[in-house]
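Survey of secondary and tertiary structure
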Amino acid sequence: MAEATVLEMREIRKTFPGVVALDGVDFCLRRGEVHILLGENGAGKSTLMKILSGAYQKMAGRITLDGKEVEIKNPAHAQALGISTIYQEFNLVPHLSVGENIFLGREPVRLGLIDRRAVNRRAAEVLGGLGLNLDPRRPVKGLRVAEQQMVEVAKALSLDARVLIMDEPTAALTEHEIKELFAAIRGLKAKGVSVVYISHRMEELFEIGDRVTVLRDGRSVGTFGVRETSKFELIRLMVNRNLTELFPKEHAGRGEEVLKVEGLTTRDLKDVSFTLHKGEVLGVAGLLGAGRTELARAIFGLDKLEGGTVRIKGRERRIGSPRAAINLGLGFLTEDRKAQGLVLPLSVKDNLCLPSVDKFTSFGLVDSKRERRAAERYVKELRIRTPGLDQKVVYLSGGNQQKVVLSKWLCSEAEVFIFDEPTRGVDVGAKAEIYQLMNRLAASGVAIIMISSELPEILGMSDRILVMRGGRVACEFEAAEATQEKILECALGE
Amino acid sequence: MRARGIELPADFFSHYARQLGTLSGLLGLCAVLWALSPHFMTVSNLLNVAEQAAIIAIVAVGMTFVIITGGIDLSVGSVLAFAGVVMASVLHAGVPVPVGVAVALGTGLACGLLNGALITVGRLPPFIATLGMMSVARGTALMFTEGRPVSGFSGGFRSLATGELLGVPVSVVIMVGVYVVAHFALTRTKLGRYTYAIGGNEEAALLSGVNVRLYKAAVYGISGMLSGLAAVILTARLNSAQPIAGMMYELDAIAATVIGGTSLLGGEGTVVGTLIGALIMAVLRNGLNLLGVSSFIQQVVIGSVIIAAVLIDMWLKRRAG
């Protein structure tokens, strides 16, 4: 492998009002390598990459590309320099075809008209080069997420990208699609393209990465060859503390029954039954579309029941709305924090108190002093990093946003917590904190339903495990008898 | 900690900067007019401005609530006309004034709640539901009166517009009362909190136990009821209820709200800002009249002010964000 340096960033500084985002970061990229950028949320990964892609301007420091110093003025300039970025949210026009998207803004023209044949021919060439058999005439909106991502890669290549930045590229992909993506990335390496790869998934790092740079609190902690380091060493560098165990599971004693679901049937669920006890973590595993989130929605009063009963502490209850569910002591931490969990333009305090406004209301007026006291307590207890209670949650980092959502349900004194993918998009340090909070909740007698797609998390944190398939409960395991293989077998129905 | 003297919240200025900006716009405008016309800065003229502003300002309160939830109410002008003619006819039938006023408020409330039902139960976009209501209420008002104004009321009723309380026109007193209550409702009550939450993220609000349908419908009800209140003042002022009253009021109310810093995307805004917005529009009209500027040019000026206010607002937000 060639060792030539393509890109070098030295002493990069960037501040935002009140925050130093980058405090002298060094980063060096070699030709044809996959360089992983690792760090907790808020460590500065995104800011660094936004400077490289021209979305932000650095305040100090030097960027050298092929030995020449450059000032990256804007995203178009970055692309002209051969630096392309693939964000988590794609920049594709859904109604245009694959080929039209790849050449958007640079359409080959013949006699003043767009030369469709040339668009499709050249698109097919680029796609073929990626080992992809995709019809360039298909509209983008009909493609799978993984295919759309490859269209983005193709677009970058057609721009003669030498440096490709990928932000969490596997977040929405299946195992099989991840393999395809990795094959494509290896193909890019062979062509001499350098890839900067941002990911929270440790396993991927060792599979696809060559070198890794760790950022912490806006500084670079070090760059290592992937083979010369270990998962635990990297985690220690990221969080600057030893995480002896990723899953610090403590088994709280199983208490009395709090929730009993029998024969629950909705449009998406068929005859689901289970029980949940105080102090217990019930893991719910299954493939996408197996009915896990739908189960949570049904219990929380969001979807109409076609049959079955829900008993809370022994009494049968009809839960017709989230309000009714909350009044009965349920709390639902949704999968999509920004779209469902938080009101982004509202403050930390207002979000935190939203489900329990009633508790703070007397004679029709909201007592904001009592609200502030309650909010202050949770901000302190959960160590939510925010400049103040009036800060809009949109400005908090992902982990801290998740803690605000958690506090909402602590404040409403929920006794049954439903966590749907509690650690998605959350970095390792915050993950461990969330697991510890779950332990504390369980120890205090709260019952937890934890829906997760990450098997290590299911195995590491659950007392009992339900596996769902096609809207039904396919298997149930005690934590001690469950293994990754057994769960997968059951989820796949083999 | 808080008891020791005045302590501003950490983000006091970012919180109120927008209103302070709009307020300085209003004061600057007044200063310019003071310099240009000797008739502007007199007590009687300023009270006149406040009277002129009152009706749009009251309608704009309801609009502010609706826009904070992320919606829009295009029916306010027509609902005003409809509530006015219904009230006029019951007053002519001989009911006491308080009953007549209650009928106007009730008619407006009913129209608003119907908007709310169409939007929440019928799942129509607010634009469509209230666009329909705009035409239905106007048409009903015209049918009801066969297109003719209903005129001539008792002195007691007319005093709702022409009377004074400690030298201040009653309509201005009513306007101030509405703003005090609305500000309080928006900042201190559950209704207010939920109004912002629904506009900021409807799904998150629902999942946090907010009865989204109920509160959304209530907000359109409030908007309708305030149109009814505006109808009372306008009818008393003109001594006549006209089926063609309130034309284009929806646009003035939206303009006052937007100049006042409420985002059409929902989730943020204040009634204090809206009041300043309504006053800016009234001062501008009054000042241009005093200066003898033609009504054609006035429209151009007011339109430009709306665009400039929002441009400046967006520019400031981009710099802050």
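The shown structure was predicted, so the numbers you read here are calculated from the model rather than taken from an experiment. (Residues numbered from 1 in each chain as written. Chains lettered and ligands numbered in written order. Predicted model: local features only at pLDDT ≥ 70, side-chain atom pairs only at ≥ 80, totals over all residues.)

Helix and strand content of chain A: 17 helices and 24 strands. Relative to a compact globule of 494 residues, whose C-alpha radius of gyration would be 23 Å, chain A shows 25 Å and is just as compact. For the C-alpha atoms alone, the extent of chain A along its principal axes is close to 75 × 50 × 50 Å. When burial is assessed residue by residue, chain A has 46% of its 494 residues classed as buried. Sequence-distant contacts, at least 24 apart, represent 69% of the contacts inside chain A between residues at least 6 apart. (Helix = DSSP H or I, 4+ residues; strand = E, 2+ residues; numbered from the N terminus. Rg over C-alpha atoms; globule rule 2.2 N^0.38 Å. Buried ≥ 20, exposed ≤ 12 C-beta atoms within 10 Å, placed from the backbone. Contact = placed C-beta atoms within 7 Å.)

All right, on to the overall build of chain B then. If you tally the helices and strands in chain B, you get 13 helices and four strands. Compactness check: chain B gives a C-alpha radius of gyration of 20 Å against a globular reference of 20 Å for 321 residues, within 12% of the reference. On the principal axes, the C-alpha backbone points of chain B span a range of 60 × 55 × 40 Å. The 321 residues of chain B split such that 47% are buried. The contacts in chain B between residues at least 6 apart in sequence include a share of 78% that link residues at least 24 apart.

Let us look at the packing of helix α4 (residues 97–120) of chain B against helix α10 (residues 212–238) of chain B. Residues and elements named next belong to chain B. Close contact between α4 and α10 brings their axes to 6 Å; oriented N to C, the two are set at 150°. In the packing of α4 onto α10, the handedness of the crossing is right-handed. Partitioning the contact of α4 with α10 into residue classes produces 15 nonpolar, eleven polar and two charged. (Axes fitted to C-alpha atoms, helices over the stretch in contact; angles between N-to-C directions. Left-handed = near helix turned anticlockwise from the far one by under 90°. Nonpolar A, V, L, I, M, F, W, Y, C, P; charged D, E, K, R; others polar.)

Our next topic: helix α12 (residues 271–290) of chain B. Between the first and last C-alpha of α12 of chain B there are 28 Å, a value that for 20 residues agrees with the 28 Å anticipated at 1.5 Å per step. By the criterion of burial, α12 of chain B is predominantly enclosed, with 15 of the 20 residues buried. (Expected span 1.5 Å × (residues − 1).)

Residue and element names in this part refer to chain A. Across the sheet, six strands lie side by side as β18-β21-β22-β15-β23-β24; this open sheet has mixed pairing. Sheet topology places β18 (330–333) and β24 (472–478) at the edges, where each strand pairs with a single neighbour. Geometrically, the sheet is characterised by an average inter-axis angle of 20° between neighbouring strands, direction not taken into account. Pairing of β18 with strand β21 (residues 416–420) involves four bridges; the strand directions are parallel. Across the sheet, leucine 330 pairs through a bridge with valine 416, a residue of β21. (Pairing = 2+ DSSP bridges.)

Further remarks concern unusual backbone geometry. Look at aspartate 66 of chain A: it is not a glycine, yet its phi comes out positive at around 50°. Residue arginine 123 of chain B is not a glycine yet carries a positive backbone phi of 55°.

Okay, the interface of chain A and chain B next. In this complex, chain A contributes 25 residues to the contact, which on the side of chain B involves 21 residues. Mapped onto the side of chain A that touches chain B, the elements with two or more residues apiece are α10 (322–327), α11 (337–341) and β20 (365–366) of chain A. For the side of chain A that touches chain B, the residue count by class is 15 nonpolar, six polar and four charged.

Residue and element names in this part refer to chain A. What the four strands build is an open sheet, ordered β14-β13-β16-β17; its pairing is antiparallel. Edge positions in the sheet fall to β14 (272–277) and β17 (315–317), since each of these pairs with one other strand and no more. Shown here is a sheet whose adjacent strand axes are inclined to one another by a mean of 20°, direction ignored. Taken together, the five bridges between strand β13 (residues 257–265) and strand β16 (residues 307–312) define a ladder with antiparallel strand orientation. Note on β16: the bridge partner recorded for glutamate 262 is threonine 309.

What follows covers the nonpolar core. Formed by 237 residues in total, the largest nonpolar core has its most connected members in Ile418 and Ile448 of chain A together with Ile56, Ile58, Val59 and Leu80 of chain B. Once residues within four sequence positions are removed from consideration, isoleucine 448 of chain A is found in contact with Val281, Leu282, Phe417, Phe419, Met438, Leu441 and Ala442 of chain A. (Core = buried A, V, L, I, M, F, W, Y, C linked by C-beta atoms within 7 Å.)

Here the focus is the pairing of strand β15 (residues 281–286) of chain A. Residues and elements named next belong to chain A. For β15, the buried fraction is high: six of the six residues fall into the buried class. Burial of β15 is two-sided: the residues Val281, Gly283 and Ala285 facing one way and the residues Leu282, Val284 and Gly286 facing the other way are all buried. As paired elements, β15 and strand β22 (residues 447–451) share four bridges and run parallel to each other. Counterpart to glycine 283 in the pairing with β22 is methionine 450. Sheet topology places β15 next to strand β23 (residues 464–469); five bridges connect them, and they run parallel. Pairing of glycine 286 across the sheet is with methionine 468, part of β23.

As a further point, take the confidence of the model for chain B. Residue and element names in this part refer to chain B. Predicted confidence across chain B gives a mean pLDDT of 91, with 94% of residues reaching 70 or more. Predicted confidence is poor over residues 1–11, with pLDDT under 50, and the contacts of this stretch with residues over four places away or in other chains come to eight contacts. Interface confidence in the predicted complex, given as ipTM, is 0.83; pTM for the same model is 0.77. (pLDDT = per-residue confidence, 0-100.)

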